[in-house]
Structures are given as C-alpha cells and as structure tokens.
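Notes for the structure review
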Amino acid sequence: ELDFRHKLYNAAKKANPAWKCYFNEYIFNGRMNAENQKRVLKYNDLVGSEAGFFFYGSPYSVPRHKCAVTAKILDSVAQDKSRVIFIAGDRRPWSYFRHEPGETVLCYASTIANGASVWYGFHSDPPPLDGITGDMFKEILNFDKNHSNLYENSKSLAEIAVWYSFDTACLSAAAGEGSDFYNIEQRDGSIRGNYQFAANGAYALLTHLNIPFDIISDINDSIPE
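Summarised in this report is the structure supplied together with it. Note that the structure is a prediction, hence the values are computed from the model and not measured. Residue positions are counted from 1 within each chain, in the order its sequence is given. Local features in a predicted model are, by the rule used here, given only for residues with pLDDT of at least 70; side-chain atom pairs are given and counted only at 80 or more, and totals for whole chains, interfaces and linings are based on all residues. Each side-chain value is worked out from all heavy atoms of the structure, with water and hydrogens disregarded.

1. Quick look at the sheet that holds strand β5 (residues 117–121)
Note on pairing: DSSP must find at least two bridges between two strands before they are called paired. Helical segments are the DSSP runs of H or I of at least four residues, strand segments are the runs of E of at least two, and each set is numbered from the N terminus. Spatially, 3 strands are ordered β1-β2-β5 in an open sheet, and the strand pairing comes out parallel. The two strands at the open ends of the sheet, each matched to only one other strand, are β1 (46–52) and β5. The mean angle between the axes of side-by-side strands here comes to 25°, regardless of whether they run parallel or antiparallel. Looking at chain direction, strand β2 (residues 82–88) and β5 are connected through 5 bridges and run parallel. If you follow I85 over to β5, its bridge partner there is V118. Any pair of residues with heavy atoms lying within 4.5 Å of one another is described as a contacting pair. Axis lines are fitted through C-alpha atoms, for helices just across the contact stretch, and the angle between N-to-C directions can take any value from 0 to 180 degrees. Packed onto the sheet, helix α4 (residues 101–112) meets β2 and β5 and runs at close to 155° relative to β5.

2. Observations concerning a nonpolar patch on the surface
Patch membership is restricted to residues that have no salt bridge and whose relative accessible area is over 30%. Joining uses 9 Å for like charges and 5 Å for the nonpolar side chains Val, Leu, Ile, Met, Phe, Trp and Tyr. Accessible surface area values rest on a Shrake-Rupley calculation with a 1.4 Å probe, where residue burial reflects the displayed protein chains alone. Here, a salt bridge means any Lys or Arg side-chain nitrogen found within 4 Å of an Asp or Glu carboxyl oxygen. A contiguous nonpolar surface patch, about 340 Å² in accessible area, is contributed by Y56, W94 and F97. Tracing the backbone shows Y56 in the loop between β1 and α3 (66–78). In this structure Y56 comes out as partly exposed when scored by relative accessible area, which is 34%. Throughout this description, buried means an accessible area under 20% of the type-specific maximum (1.4 Å probe, protein chains only), exposed means over 50%, and partly exposed covers the range between.

3. A word on α3
Every α-helix winds through 3.6 residues per turn, so residues three or four apart in the chain are directed the same way. Multiplying 1.5 Å by the helix residue count minus one yields the expected span of that helix. The terminal C-alpha atoms of α3, which comprises 13 residues, lie 18 Å apart, in line with the 18 Å expected from a rise of 1.5 Å per residue. Within α3, 12 of the 13 residues are buried, leaving the element largely enclosed by the surrounding structure. Every buried residue of α3 is accounted for by K66, C67, A68, V69, T70, A71, K72, I73, L74, S76, V77 and A78. Two residues or fewer after α3 comes Q79, characterised by a positive phi angle close to 60°.

4. With respect to the packing of α3 against α4
The contact between α3 and α4 brings their axes to 8 Å, and the two run at 25°. Accordingly, the angle class assigned to the pair α3 and α4 is roughly parallel. In terms of crossing hand, the pair formed by α3 and α4 is right-handed. Taking contact as the criterion, the partners of C67, A68 and A71 in α3 are, on α4, C107, S110 and T111. Tallied by class, residues from the contact of α3 with α4 come to 4 nonpolar, 2 polar and no charged. Angular relationships are summarised with four words: roughly parallel below 35 degrees, roughly antiparallel beyond 145, roughly perpendicular across 65 to 115, and oblique for the angles in between. In this scheme, a crossing is called left-handed if the near helix is turned counterclockwise away from the far one by less than a right angle; it is called right-handed if the turn is clockwise. Residues are grouped as follows: Ala, Val, Leu, Ile, Met, Phe, Trp, Tyr, Cys and Pro are nonpolar; Asp, Glu, Lys and Arg are charged; all remaining types, including Gly, are polar.

Any functional reading would require information that these geometric values do not contain.
This is the structure:
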C-alpha cells in the first residue's frame, strides 16, 4: 500500500510537478501508528479528512465538535501543508436527505475557525442549491469569501493542548465509524477501554466549557514550547 502511494506520487509529479497528490487517509481511523502515519503523509501534498461526512445514521449522533477537532489534528500533523475538511451536504449514502441549515453552518464555521479549508458538495444530480440547505451554504460561503481577512494568517490563542497518541489508538479497543468504503467496525485490542471514546470525552469537555485548546500528538517531530 505504501509502495503504491510512492509510485503514484512519483508518476503524478513526473507528469506535472504542479499537480497536488492526495490520498484519503482518514486520520482518526485508529489503523496506523505514528511512524506509519508519517510515512503515508509524506506522499500527500495536502492533508484532509471526511470529517463533514455523516454516514449511516442521523447527524444527531455525531459529536458537534467533529469537524473542529479533526481540523485541529490536521493542523498538528500537516506542518506546512494545506489542510482541508470534506463536507457532504447530504447524509451518506442517502443523497437526497439534506443536512439542516444549522448543521451546515456548524460544520463549515468550525472548520475554517480551526485553520482548515472546506470542500463542500452534494451527491445528487443536479446539485440541490435552491433549497434551504443550499441557501445556507451559499450564505456562509459568501460570508467566508467576504470576511476571510479576519482569520487569515491568524494564530491559536489556546493555552491548553490535548495529547493524542496514534500508537495507543492502534493498540486499544476502538469503534470505527462507517464510511463509503467500509461499514461500522468494532475492534478489540490489548488495552481495556476505548481510546477514541476517551479522546472525544476530553474534546467534548473543553468544547462545552468554551475553553480553547489545540491537539498535539506522537506524530510530531517536536513539541512546541
């Protein structure tokens, strides 16, 4: 799999050095330890995640901080690479079930507020941009366009950081989210408890208390002072 990335990356750069190469890694999947994450990210010109895709159920069951937290972890591992959150305007895989306007705003705003760009799209043809969901998307997109100077080149004011360990995520019990590529996964490990649930508990606590925080991890070569 790593060899495939390497060959495809080199072939793309040979064809056109300006092309951007991206593999759909899904940072929080718990399948790769820190060293393997470093290896695969080497062949990504941007670091992204489908944090705004809600699969096989109601978005009500998804933590409201999902896009924000994923943008934070992308910021932690991306170094100088661009970060992007992919957001679907519909509930996957049911393309004609749109997100509510409030869900659209929450995903979009929490992504750009935490340093990532947004890819937003519908999966039906033609795209339903004339309903209340489409109207809200156009409204927040125009707001982003007209006010991007407020947050460009900004820095985090957080004085708290949450440590995320990719190595521990590989060892502990984990509940993987379903996606277009695989269904909901349950995996038992050698460490009691569920590391993903524990990490989300820390994020939820700080979010509900409105305490700014960043995320650092064992994928970082150095920890900032």
